[in-house]
Amino acid sequence: MDPAGPGPAREEDQLNRCTVTSGFFVLGHCGRTAVAPCAQCGRPTCQEHYGPDGLCAECRAAASPTRSPYDEQWVRGYRRGYYSRSSQTYGDATWYSGFDEYDRGAFNPGQGHYLGDYDHDGDDGFVDS
Amino acid sequence: MFWRKTKAAIGNFHPLHQGLIWQRGLSAAMRPADWAALVQSLAGHDAVVKRRKWAPPHRTHHVLVPLIRVLSQDMRPDGVLAITADLRGPDFPEKLTPQRDLAVQRPIRSIKEWYSIDPWLRIRAELRDGSVLDLSVTDRVRYRKIHKVVRGKHKTKQKTKVVQQVTATRRLRRDAPVRQPAVPPPSWLRVRVRNDRRMVIRTSAKFPKDDAQLSERILYVLTEAFRWTPPGLARPARRTS
Ligand SMILES: [Zn+2]
Ligand SMILES: [Zn+2]
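A. Focus on the coordination of the zinc ion (ligand 2). Residue and element names in this part refer to chain A. Those protein atoms acting as donors to the zinc ion (ligand 2) are Cys-18 (SG), Cys-30 (SG), Cys-46 (SG) and His-49 (ND1), and they sit at 2.1 to 2.4 Å. Because the angles between the 4 donor atoms bound to the zinc ion (ligand 2) fall within 101 to 117 degrees, the donor set is best described as tetrahedral. Residue classification places Cys-18 among the buried positions, given a relative accessible area of 0%.

B. Region of the structure containing the coordination of the zinc ion (ligand 1). Residue and element names in this part refer to chain A. Within the protein, Cys-38 (SG), Cys-41 (SG), Cys-56 (SG) and Cys-59 (SG) serve as the donor atoms for the zinc ion (ligand 1), at 2.3 Å. For the zinc ion (ligand 1), the 4 donor atoms in the first shell make angles of 106 to 113 degrees at the metal, a pattern classed as tetrahedral. Each donor residue of the zinc ion (ligand 1) lies on the same chain, and together they follow the pattern C-x2-C-x14-C-x2-C. Residue Cys-41 is located in the loop between strand 3 (34-37) and strand 4 (44-46), and its partner Cys-56 is located in the loop between strand 4 and helix 2 (57-63); the two are separated by 15 residues in the primary sequence.

C. Quick look at the pairing of strand 8 (residues 199-208) of chain B. Residues and elements named next belong to chain B. Counting buried positions over the 10 residues of strand 8 gives 7, a clear majority of the element. Relative to strand 8, strand 6 (residues 153-171) runs antiparallel, the two being bridged by 9 bridges. Bridge assignment links Arg-170 to a residue of strand 8, and that residue is Ile-201. Where strand 7 (residues 190-195) folds back onto strand 8 in an antiparallel hairpin, the turn is made up of 3 residues.

D. Here's a closer look at the packing of helix 5 (residues 58-73) of chain B against helix 6 (residues 211-227) of chain B. Residue and element names in this part refer to chain B. Interhelical geometry of helix 5 versus helix 6 gives an angle of 30 degrees and a closest axis separation of 8 Å. Our classification of the angle between helix 5 and helix 6 gives roughly parallel. When the axes of helix 5 and helix 6 are compared, the crossing they make is right-handed. Here His-58, Arg-59, His-62, Val-63, Pro-66, Leu-67, Val-70 and Leu-71 of helix 5 lie close against helix 6, whose contacting residues are Asp-211, Ala-212, Leu-214, Ser-215, Ile-218, Leu-219 and Leu-222. Of the residues belonging to the contact of helix 5 with helix 6, the class tally is 10 nonpolar, 3 polar and 2 charged.

E. Region of the structure containing helix 4 (residues 93-103) of chain A. Among the residues making up helix 4 of chain A, those that are buried are A:Trp95, A:Gly98, A:Phe99, A:Asp100, A:Tyr102 and A:Asp103. Contacts made by the buried residues of helix 4 of chain A are with strand 1 (21-22), strand 2 (28-29), helix 2 and helix 3 (74-90) of chain A together with helix 6 of chain B. Positive phi shows up at A:Gly105, right after helix 4 of chain A, with a value of about 80 degrees.

F. Examining the nonpolar core more closely. By size, the foremost hydrophobic cluster in this structure holds 60 residues, and its most contacted members are B:Trp35, B:Leu121 and B:Leu222. Considering every element that reaches this core, the biggest residue donor is helix 6 of chain B, with 8 residues. The residues that make up this core include at least three from each of domain 1 (1-68) and domain 2 (89-177 + 188-231) of chain B. Ranked by size, the runner-up nonpolar core spans 9 residues in total, among them A:Cys46, A:Leu55, A:Cys56 and A:Cys59.

Cut-off values and rules
Residues numbered from 1 in each chain as written. Chains lettered and ligands numbered in written order. Predicted model: local features only at pLDDT ≥ 70, side-chain atom pairs only at ≥ 80, totals over all residues. Heavy atoms only, no water. Donors = N, O, S within 2.8 Å, 3.2 Å for Na, K, Ca; no water. Tetrahedral: all angles 85-135°; square planar, octahedral: opposite > 155°, others 65-115°. Buried < 20%, exposed > 50% of the residue type's maximum accessible area, 1.4 Å probe, protein only. Helix = DSSP H or I, 4+ residues; strand = E, 2+ residues; numbered from the N terminus. Pairing = 2+ DSSP bridges. Axes fitted to C-alpha atoms, helices over the stretch in contact; angles between N-to-C directions. Parallel < 35°, antiparallel > 145°, perpendicular 65-115°, else oblique. Left-handed = near helix turned anticlockwise from the far one by under 90°. Contact = heavy atoms within 4.5 Å. Nonpolar A, V, L, I, M, F, W, Y, C, P; charged D, E, K, R; others polar. Core = buried A, V, L, I, M, F, W, Y, C linked by side-chain atoms within 4.5 Å. Domains from an automatic or database assignment.

Written as C-alpha cells, this is what we have:
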C-alpha cells in the first residue's frame, strides 16, 4: 500500500533507533542508531544522547535542569514545563498529554517525525564500533 | 589602559555580538548552527566584559537567546532563521508620532500626547515540517505630558504606558494535514485561519510590558499555530534511504 510503509526489515530497523525527543513545537524523535536503553526510562538511545550516567538526554535534563538559555541543554528541560504551563493557559489538556505521549514514545516510531538530524547526516552513523 | 584591553576582547566576539554591543541590534539570516555560534559568544560576555555600558541590550538575554534556542529546535540544519532586532528602545525620532493636545479641565492646563511605535523584533523561521513561521513584536508606547497649576505652582509630569503587540503567522506546507484544536484559544488571543490548500494561521495578542515574561508570552502566541498540527497526526514525507 504505502511504499514507505513498515516492512518487516524496516520495523526491525526502527526498534534500533534512538527515540529521544527533538523539536519544540514540531516534535520528532532523534532517529540515530541506538546503542543502549536509558537506565531510567528504557528508551533506545543513541551514542550522542547516551550519557556516562546511563541516562538519555531527556532524563538527564529532567534530573538537573538549567535555567540558563545559554546552556545547550536548557531547551530540553524548558520544553516539558512550557507544555504544562501553556496547556493550562489554553485550558487544553490534550496539548500537554499529546506532547507527553509523544515524548514517552507512545507513538509508534514508524509514525514518528524523523525529521531530525539523521536525515541530514546522509548516513545513520554513530555506530558504536 | 584597561578599557583598551576590554575593547580588544570585544573585537574577538562574534560579529553580531559586537553589533549588539555597539549598534544595539542585529539583522541576519543564518542556519541554526550559525546562530548557536552567536549564542555561545554571548554566553562568554560577562566573563570578559564587566562594564555594564558594554553589555548587550537586556532583550538579548530575555528574548533573543531563548527564541533562537526554541526555534532552532524545529529547524533542519540547513533551514534559515532570519532575525532583525532593533534593541535601541522606543525614543528615536523616526519612531515617534507628532504630539497632539488633549481636551483638559482645570487645574490641568494642558496635556500633550504622542506615541512611539517600535517594531523591534522580526523573525522568520523555515521549520522542518515545511511550514514557515513569521513573528513580530512591536512596542506601542503612549506618552502624556501633563501640565497643571495647583495653588499657583506649575507642575509638569510625564506618564508612559507600554503595550507589547505580538503577531505570528504560520504558513503550512501544501496539503499538510490539520486538526482543529479541541478547545478554542484563550479570549486574549486573536486568531484568524485561512484554509486554502495551504493553511495559514495568524495569531496576535497584546500584553502589558514585561520583558522578563515576554519570551514565554511570545511562545503562547505561537502555540495556537501549532495546536492545529499535533504530533502523531500524520506521517510526514520521510527522506530516508
Ligand atoms: Zn531516559
Ligand atoms: Zn539520539
